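Report on the structure
So the chains spell out like this:
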There are 2 protein chains.
Amino acid sequence: MEHLTTVREIYRDRECFLGKEVQVGGWVRSVRDSKSFGFLVLHDGSFFETLQIVYEDKIDNFAEISRLNVGASVLVRGTLVLTPQAKQPFEIQAEEIRVEGASAPDYPLQKKRHSLEYLRTISHLRPRTNTFQAVFRVRSLTAYAIHRFFQERGFVYVHTPLITGSDCEGAGEMFQVTTLDLNDPPRTGDGAVDYSQDFFRKMTNLTVSGQLNGETFAQAFRKIYTFGPTFRAENSNTTRHAAEFWMIEPEVAFADLEDNMELAEAMLKYVIRYVLEEAPEEMNFFHTLIDRGLLERLNHVVNSEFGRVTYTEAVRLLEEHNDEFEYKVAWGCDLQTEHERCLTEKIFRRPVFVTDYPKEIKAFYMKQNPDGKTVAAMDCLVPGIGEIIGGSQREENYEKLLKRMEELGLEEKDYEFYLDLRKYGTTRHAGFGLGFERCIMYLTGMGNIRDVIPFPRTVNNCEL
Amino acid sequence: MEHLTTVREIYRDRECFLGKEVQVGGWVRSVRDSKSFGFLVLHDGSFFETLQIVYEDKIDNFAEISRLNVGASVLVRGTLVLTPQAKQPFEIQAEEIRVEGASAPDYPLQKKRHSLEYLRTISHLRPRTNTFQAVFRVRSLTAYAIHRFFQERGFVYVHTPLITGSDCEGAGEMFQVTTLDLNDPPRTGDGAVDYSQDFFRKMTNLTVSGQLNGETFAQAFRKIYTFGPTFRAENSNTTRHAAEFWMIEPEVAFADLEDNMELAEAMLKYVIRYVLEEAPEEMNFFHTLIDRGLLERLNHVVNSEFGRVTYTEAVRLLEEHNDEFEYKVAWGCDLQTEHERCLTEKIFRRPVFVTDYPKEIKAFYMKQNPDGKTVAAMDCLVPGIGEIIGGSQREENYEKLLKRMEELGLEEKDYEFYLDLRKYGTTRHAGFGLGFERCIMYLTGMGNIRDVIPFPRTVNNCEL
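Residues numbered from 1 in each chain as written. Chains lettered and ligands numbered in written order. Predicted model: local features only at pLDDT ≥ 70, side-chain atom pairs only at ≥ 80, totals over all residues. Heavy atoms only, no water.

A closer look at the overall build of chain A
This is how the line gets drawn: Helix and strand labels come from DSSP, where a helix needs a run of H or I of at least four residues and a strand needs a run of E of at least two; each type is numbered from the N terminus. Relative accessibility decides the category of a residue: with a 1.4 Å probe and only protein chains considered, values under 20% of the type maximum give buried, values over 50% give exposed, and everything between is partly exposed. In this description, contact between two residues means that some pair of their heavy atoms is separated by no more than 4.5 Å. Method for areas: the Shrake-Rupley scheme with a 1.4 Å probe, in which residue coverage is limited to the protein chains shown.
If you tally the helices and strands in chain A, you get 14 helices and 16 strands. Along the first, second and third principal axes, the C-alpha atoms of chain A reach 85 × 60 × 45 Å. Looking at chain A as a whole, 63% of its 464 residues are labelled buried. Taking the contacts inside chain A whose residues are at least 6 apart along the sequence as the reference set, 67% of them involve residues at least 24 apart. By element, 47% of the accessible surface of chain A is carried by carbon and sulfur atoms, the whole surface being about 17800 Å².

Looking at the side chain of Thr131 of chain A
Relative to the elements of secondary structure, Thr131 of chain A occurs in helix α5 (residues 130–152). Excluding its chain neighbours within four sequence positions, the residues that come into contact with Thr131 of chain A are Leu116, Phe285, Phe286, Ile290 and Met446 of chain A.

Side note on the relation of the copies chain B and chain A
We count it as follows: Only residues with pLDDT of at least 70 in both copies contribute their C-alpha atoms to the least-squares superposition of the copies.
Overlaying chain B on chain A yields an RMSD of 0.0 Å, the required transformation being a rotation through 180 degrees with an accompanying axial translation of 0.0 Å. This pairing of chains is accounted for by a two-fold axis. In terms of proximity to the rotation axis, the leading residue of chain B is Val177 of chain B, whose C-alpha is 2.4 Å off the axis.

Let's talk about the interface of chain B and chain A
When the parts of a complex come together, some accessible area is lost, and that lost area is often taken as the interface size. Inclusion rule: Counted as salt bridges are all cases of a side-chain nitrogen of Lys or Arg within 4 Å of a carboxyl oxygen of Asp or Glu. Side-chain atoms alone can form a polar contact between residues adjacent in sequence; in general such a contact is a pair of N or O atoms within 3.5 Å, and within protein one must be able to donate a hydrogen while the other accepts it.
In this assembly, 115 residues from chain B lie in contact with 115 residues from chain A. Where chain B touches chain A, the interface holds six salt bridges. Residue Glu463 of chain B pairs with Lys202 of chain A through a salt bridge whose shortest N-O separation is 3.6 Å. Remark: the boundary between chain B and chain A carries 48 residue pairs in polar contact (both at pLDDT 80 or more). Here the element with the most residues in the side of chain B that touches chain A is helix α5 (residues 130–152) of chain B; it accounts for twelve residues.

Some words on the sheet that holds strand β14 (residues 374–382) of chain B
Residues and elements named next belong to chain B. Note the threshold: When DSSP finds at least two bridges between two strands, those strands are taken to pair. Each axis is a line fitted through C-alpha atoms, taken for helices only over the stretch in contact, and angles between the N-to-C directions span 0 to 180 degrees.
Strand order in the open sheet made by the eight strands is β6-β10-β11-β16-β15-β14-β13-β12, with mixed pairing throughout. Because the sheet does not close on itself, it has two edges, and the strands there are β6 (156–158) and β12 (307–310). Recorded for the sheet is a direction-independent mean angle of 20 degrees between the axes of neighbouring strands. With six bridges joining them, β14 and strand β15 (residues 386–393) adopt antiparallel strand pairing. If you follow Ala377 over to β15, its bridge partner there is Ser392. The strands touched by α5 within the sheet are β6, β10 (223–231), β11 (244–253) and β16 (429–435), with β10 carrying the most contacts at an inclination of about 150 degrees.

What about the sheet that holds strand β13 (residues 352–358) of chain A?
Residue and element names in this part refer to chain A. Spatially, the eight strands line up as an open sheet ordered β6-β10-β11-β16-β15-β14-β13-β12, and their pairing is mixed. Edge positions in the sheet fall to β6 (156–157) and β12 (307–310), since each of these pairs with one other strand and no more. Two elements, β13 and strand β14 (residues 374–382), share six bridges in a ladder whose sense is antiparallel. Counterpart to Pro358 in the pairing with β14 is Thr374. Helix-sheet contacts for helix α7 (residues 257–278) involve β11 (244–253), β12, β13, β14, β15 (386–393) and β16 (429–435), and the interaxial angle to β15 is about 145 degrees.

Looking at the packing of α5 of chain A against α7 of chain A
Residues and elements named next belong to chain A. Heads up, the rule is: Relative orientations are named as follows: roughly parallel for angles under 35 degrees, roughly antiparallel for angles over 145 degrees, roughly perpendicular for angles from 65 to 115 degrees, and oblique for any other angle. By convention the crossing between two helices is left-handed if the near helix lies anticlockwise of the far one by an angle smaller than a right angle, and right-handed if it lies clockwise. Three classes are used: nonpolar for Ala, Val, Leu, Ile, Met, Phe, Trp, Tyr, Cys and Pro, charged for Asp, Glu, Lys and Arg, and polar for all others, with Gly counted as polar.
Between α5 and α7, whose axes approach to 9 Å, the crossing angle comes to 135 degrees. By the criterion of interaxial angle, the relationship of α5 to α7 is oblique. Regarding α5 and α7, the two cross each other, and that crossing is right-handed. The segment α5 lies against α7, with Val138, Leu141, Thr142, Tyr144, Ala145, Ile146, Arg148, Phe149, Phe150 and Glu152 engaging Leu263, Ala266, Met267, Tyr270, Val271, Tyr274, Val275 and Glu278. Of the residues belonging to the contact of α5 with α7, the class tally is 14 nonpolar, one polar and three charged.

Some points on the environment of Ile10 of chain B
Residues and elements named next belong to chain B. You can see Ile10 is positioned in helix α1 (residues 7–12). With relative accessibility at 0%, the residue Ile10 sits in the buried group. Taking the C-alpha atoms as reference points, Ile10 and Pro185, separated by 175 residues in sequence, lie 60 Å from one another. Residues within four places of Ile10 in sequence aside, it is in contact with Thr5, Phe17, Val24, Leu51, Leu80, Phe90 and Ile92.

Quick word on the packing of aromatic side chains
Residues and elements named next belong to chain A. Quick reminder of the rule: What counts as a ring pair is set by centres within 6.5 Å for rings of Phe, Tyr and Trp (its six-membered ring), and what kind of pair is set by the plane angle: stacked under 30 degrees, edge-to-face over 60, tilted for all other angles. We count a charge as sitting over a ring when the NZ of a lysine or the CZ of an arginine lies within 6 Å of the ring centre and within 35 degrees of the ring normal.
On inspection of all chains with the given rule, the structure shows 62 aromatic pairs over all chains. With a centroid separation of 6.3 Å and 70 degrees between ring planes, the pair formed by Tyr144 and Tyr274 is classed as edge-to-face. With Tyr144 in helix α5 and Tyr274 in helix α7, this residue pair connects regions lying 130 residues apart in the sequence. The class of Tyr144 is buried, set by a relative accessible area of 6%. Among the aromatic residues, ring-to-ring pairing joins Phe149, Phe150, Phe155, Tyr157, Tyr225 and Tyr270 into one connected group. It is Lys362 that lies over the ring of Tyr357; its NZ or CZ is 4.3 Å from the centre.

Spelled out as C-alpha cells, the structure:
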C-alpha cells in the first residue's frame, strides 16, 4: 500500500516535514468535534507521543469521522503545520481521512485510566495503552542493547536448548515435556511409565538454565552469551516470579571473578545508557507516573562505580541492622531480598557486588576458594530490586569439581560432557546470569513481573 | 586476569601490533618441535584463522610445551613478527608460554578430519572444529543481523510465549507441558486426567508459532517481530526437521501482500550482505569445502530481484516438468520440495515468491482473495532449499474470518482475542515466518539441520 510517514519521523525530524503533505496511519485515541471542524488524536505505535489531526467539514466524511470510537484505525493525508499557541508542537491539517477499521462501541480501552490489574485481563489489547507502549518498547530496546553490547565485544550468541534431558543445577521444580498420552501412558513391566516410548526415548524437561551448555561453547569461542527462555515450575505467586522468563548468560574463558564483575557492570551501564538515549519519552513517563526518582537512580548508577563486598563482610554489616529484618542475618544464611535491599539501598546506596559466598548455599560448579569454606560467586544487587545478576568463576579443576559433585550426590554419568571440559584444555572461566524481566522492572520501575512480559505465565495462569 | 589480545585483532589490525609484545590465550591445534625450537598453532575462538607461535629452548618449560597434546590451553607472551617467506602472514616469537590446562591423551579431536556424523556424537566438543567454528559464528552473526535489520526499521521485538494453552494453526503434533506425575496423575470423576490440578489449571503445550500473539502487538506498535524458539513433535527423521528450532515472525499493520514480499526480500538481502561482510573467512571456507558455488549463489541473490509468480501460474509451469517429479503437480496440490526447487533452480534461477495459494491448503487466517478460491499467501523459495519463508496478508474482516473459522470447525471461544483485533480498529496487515535454521543452512550450504543447531533435538535424540 502507499507509503506512510511515522509519527516518530515527524517528531524527530519535524523540519523535514513542515508545510509538506504527509500520509499517516494509526489508531484514534480521542475525537472531539464542533460544528465545522474537529480534532482527532492519533497514535501510530511508532512513537510514545500522539499526533493531532484537524479536520474540517469540507471533507466528505466529516460526520463519519466525528462519530468514530476510540480505537478505530484511520489513514490521514494532510499537511504538517506548527501550532505555536497549542500544547502540542504541531498538527496535521487533514485533506482526507479514510477509515481503515471501525472500533465497536464496547471497546474496553476508553480514555479513562485503567488499573494494571484490569489490563492484565486483556493482554491482547493492553499494548495499546501508554504504560504498555512504554514498557514493551523499552523491553525491545533493552534486548537489542544487550545483543549490541556483546556483539560489539566479539561474543558469539549461542542458542542453548530448551528441551533437556538433564537438570542443570538440581533446581528441582521443572516442567516435564512429553508426547505420551497422560490418560493412558505406556508402562514397563513393573508398572512405571515407559519413557522409552516418549518422543525423545527418555524423560525430558524444560531447561532452567543454559549455563552448562554455554560453557561448552565458551571453551571453543572464548566469549559467548545466551539469550533465551528459561522455565521454573515454582508454585510461588509473587510479583517477582514467572514460570517462563528470559535469561542472558554470558560465559568467558580465560576470565576470573574480577573480569566477570567488570563485564556485568559494563553491560548494565551500557544498557541503561542505551535505553535513556533511545527512549527518552518513555523513560520520562516512567519517572513521572510510575516511579518518582527513577531517572536520578539510573543516572547515578551509570556514573558511579559499583560497590564490592565479600559475603563475610556483608553479613557483618547487615548484622548491625538485624532489628529491622524479618529474617535475622548470620554467617551461612542465604541473603533474603530484605537483606539485599538494605545493602544496596542503605549501606552502599548504589549497586554492589557481593562475593565469596559459603559453598553450601551455592551451586556445585562454582570455584572453590582456598579457605575451603567459600566459593568465587558474585551477586549483583541493585536498589529497588535486590539481586539482578548472579554469577561465579567456575571450578576448572577436574578433581575438585568431581569431588564436590560426589559430596552433593550428583551422578558423574549425567555430567560427563561437563567434566570433559576440565579434561581437555580447561581454562579459568567465569560467567553470570541476568534475569531479563528483573532487568526490565529495574529500568522501568514497574513493580510486577506480569506487567513487563507480553503474555505472562504464572501459577494457574496461561492466557492467550 | 591480564589483558589478552585476540587473534582477530591481530589479523584485522596487524600494523598496530607488529614488533610489539602481546599476550594471547587459546587452545593448541598442533605442536611440532625440533631440538632447539618448536611451533605451536593456536586458536583462540575469536577468529577463523589460527596463529603460529615459535618458541625456543631458552624458555624454561620447552619440554613441557613440546609434549602438549592437541586441545591444551595456553597463555603466550611474545612479539608479533612478519614471516614473508612462510604460508602464514606472521607469527609470535614467544618469550613465555604458560600451560593453562592440559589435554588428556584420549582427546577426541585429533588433527585428522572427522565426519559430521561422528562430530554429532560429541556436541560439547565439536564447536572447537573449523566447520563448527564457522557454522556457529555465522549463526550468531545472522541472528544479530536480523535484529539489526528490524530495529533499524523501527520494529518492536516481542517475546511471544512458549508455553501455550492454544494451538495456533491446529498444527497438531505438539509437546505437552505438565507438572503432573505421569505415573499417577489426578483424575476427575469419569477417570480422565484432571488438568485443573496441573500447574496452569489446564492442559498446556509448547508453541508452534507466535504469530497470533504477534498480531496483537502489531495492532498496537504497527511493526513488530518475534525471534524465539518453536516446537514440533513431528515424527520425521529427515535432514530438514528438528523438534526445537527458532523462528522469526514479523508482522506489520497497514501492510498488504506486496509490502510483505518487499520486507522479506529486503531482510534476506540484508542478512546475506551482513554475513558476507562480517565473516568472509568463514564464508570462504563454506564455499571451498562444503558447498562449491555458495558465494556465487549468494552474491547473485543479493544482486537480483526476486521472481514473483502466482500459484496458479507456477502450477502451469511445473506441469511441463511433471515427468521429472515423484509427485505429479496439479492445481490444488501442496507444492513439494522437489517442485519448489524446480521452480527456483530451473525455471526462475533465483529466489521466487509464489503467491495466492488455494485456500484449502493454507491456514484459516489468510486473507481471502476476491476469486473465492485462493488466499493472499506468499512463500519464498530459494535455490538449494525450497521454501525458506512462508507468509500472508491476514484476513482483517471480522465476518469473513469468523465464517472461515466456522467452515474449518474452529472454536470461536478459543480465538476471541484474535477476533477482537478485527472488532477494534482492524487494519490491513501481513507478516511471515522465517525458519532460522533453514536460513543458516541456506547461508552456509550445510546439508543437515543437526549441524546448524548447537544441541539439536530430533526424534529420539535429546543429548546434553
